[in-house]
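Structural overview for review
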Amino acid sequence: SQQGEEDPQALSIQEGENATMNCSYKTSINNLQWYRQNSGRGLVHLILIRSNEREKHSGRLRVTLDTSKKSSSLLITASRAADTASYFCATDARQAGTALIFGKGTTLSVSS
Amino acid sequence: EADIYQTPRYLVIGTGKKITLECSQTMGHDKMYWYQQDPGMELHLIHYSYGVNSTEKGDLSSESTVSRIRTEHFPLTLESARPSHTSQYLCASSEWSGGSNEQFFGPGTRLTVL
């Protein structure tokens, strides 16, 4: 069964608005990562948060992690049309340093 | 930009053909992965390797095979392609470092089997 589940499946917003995506997972993790995928391309790593961290920032990105609820959120502030993409969370639930398990992704559309 | 390459980017072939999807990386990473992804869907791990001469099957059963003779090269082969193999195939590599196993992805190969 899939480890990560993103919510919502699709999100449409206007430029300048904030976008929030959520991810839930089922088993203990060492870290959780977020990736972005532009249409038909490979994935690009955005940010990693370790299991002992609660919040992390990178530019316009803010990630939170709640290990008690087994959930994470990705906030993109002041969104731009270029942020239009699919966003996936990924966990390394198998064991540290091994293959990731990806969620189903959230498709974000930002219109100008 | 990640130094991981996949060829071809697009491939349209007939049923029964043997194909090899190429993946190479110049980062010296020990770990490499193949994922299968249908349009708008999640990634499914089909093969991975933790080093030369190491290959393992992933979560999704696949009729493809892989080899890892050199660190930088991780090709995927389909002996007899079928329409059910139509999908996007993504290759990735990583190195466990400083508590992170960030994966670097290639651009993908979009395969269509007629």
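The structure we're discussing is the one just above.
To keep things clear, this report deals only with the structure shown in the data block. Keep in mind that what you see is a predicted model, and the values were worked out from it rather than measured.

Definitions and cut-offs
Residues numbered from 1 in each chain as written. Chains lettered and ligands numbered in written order. Predicted model: local features only at pLDDT ≥ 70, side-chain atom pairs only at ≥ 80, totals over all residues. Heavy atoms only, no water. Contact = heavy atoms within 4.5 Å. Buried area = accessible area lost by both parts, 1.4 Å probe. Salt bridge = Lys/Arg side-chain N within 4 Å of Asp/Glu carboxyl O. Polar contact = N/O pair within 3.5 Å; in protein donor to acceptor, adjacent residues only side chain to side chain. Helix = DSSP H or I, 4+ residues; strand = E, 2+ residues; numbered from the N terminus. Nonpolar A, V, L, I, M, F, W, Y, C, P; charged D, E, K, R; others polar. Core = buried A, V, L, I, M, F, W, Y, C linked by side-chain atoms within 4.5 Å. Buried < 20%, exposed > 50% of the residue type's maximum accessible area, 1.4 Å probe, protein only. Disulfide = S-S within 2.5 Å. Phe/Tyr/Trp six-rings, centres within 6.5 Å; stacked < 30°, edge-to-face > 60°. Lys NZ or Arg CZ within 6 Å of the ring centre and 35° of its normal.

1. A closer look at the interface of chain B and chain A
Taken together, the 25 residues of chain B in the interface contact 23 residues of chain A. Taken over both partners, the interface formed by chain B and chain A buries close to 1,900 Å², and the fraction arising from carbon and sulfur atoms is 47%. Summed over the shared surface of chain B and chain A, the result is zero salt bridges. One can count three residue pairs in polar contact (both at pLDDT 80 or more) joining chain B with chain A. Listing elements by their share of the side of chain B that touches chain A, those giving two or more residues are β4 (31-37), β5 (44-51), β9 (87-94) and β10 (103-105) of chain B. Ranked by residue count, the leading element in the side of chain B that touches chain A is β4 of chain B, at four residues. Here the residues of the side of chain B that touches chain A sort into ten nonpolar, nine polar and six charged.

2. Here we look at the nonpolar core
Counting residues in each nonpolar core, the largest one holds 22 residues, and the members touching the most others are L32, W34, L74, I76, Y87 and L108 of chain A. The set of elements that each furnish at least two residues to this core consists of β2 (10-14), β3 (19-24), β4 (31-37), β5 (43-50), β7 (61-66), β8 (71-76), β9 (85-91) and β11 (106-111) of chain A. Every residue in contact with I76 of chain A, bar those within four places of it in the chain, is listed here: E17, N18, A19, M21, R60, L61, D83, Y87 and L108 of chain A. W34, L76, L78 and Y89 of chain B belong to the second largest nonpolar core, which has 18 residues in total.

3. Structural notes on the state of the cysteines
Two cysteines whose sulfur atoms are joined by a covalent bond form what is called a disulfide. Applying the stated rule across the entire model yields two disulfides over all chains. With a sulfur-sulfur separation of 2.0 Å, C23 of chain A is cross-linked through a disulfide to C89 of chain A. Of note, the bridge from C23 of chain A to C89 of chain A carries an S-S torsion of about 65 degrees and is right-handed in sense. Here C23 of chain A, found in strand β3, pairs with C89 of chain A, found in strand β9; they are 66 residues apart in sequence, far enough to count as distant. Judged by its relative accessible area of 2%, C23 of chain A falls in the buried class. Two residues, C23 of chain B and C91 of chain B, share a disulfide whose sulfurs are 1.9 Å apart. Between C23 of chain B and C91 of chain B the disulfide shows an S-S torsion of about -75 degrees. By sign, it is left-handed. With C23 of chain B in strand β3 (residues 19-25) and C91 of chain B in strand β9, the pair connects residues that are 68 residues apart, well separated along the chain. By relative accessible area, which is 0% here, C91 of chain B ends up buried.

4. A few points about the packing of aromatic side chains
By the definition in use, this model includes seven aromatic pairs over all chains. Geometrically, the ring pair formed by F102 of chain A and F105 of chain B is edge-to-face, given 5.9 Å between the ring centres and 80 degrees between the ring planes. Of this pair, F102 of chain A sits in strand β10 (residues 101-102) while F105 of chain B is found in strand β10, placing the two residues in two different chains. Both residues of the pair, F102 of chain A and F105 of chain B, belong to the buried class. Each member of the aromatic cluster is reached from another via a ring pair, and the members are Y35 and F102 of chain A together with Y33, Y35 and F105 of chain B. The cationic tip of K31 of chain B hangs over the ring face of Y50 of chain B; the distance from NZ or CZ to the ring centre is 5.6 Å.

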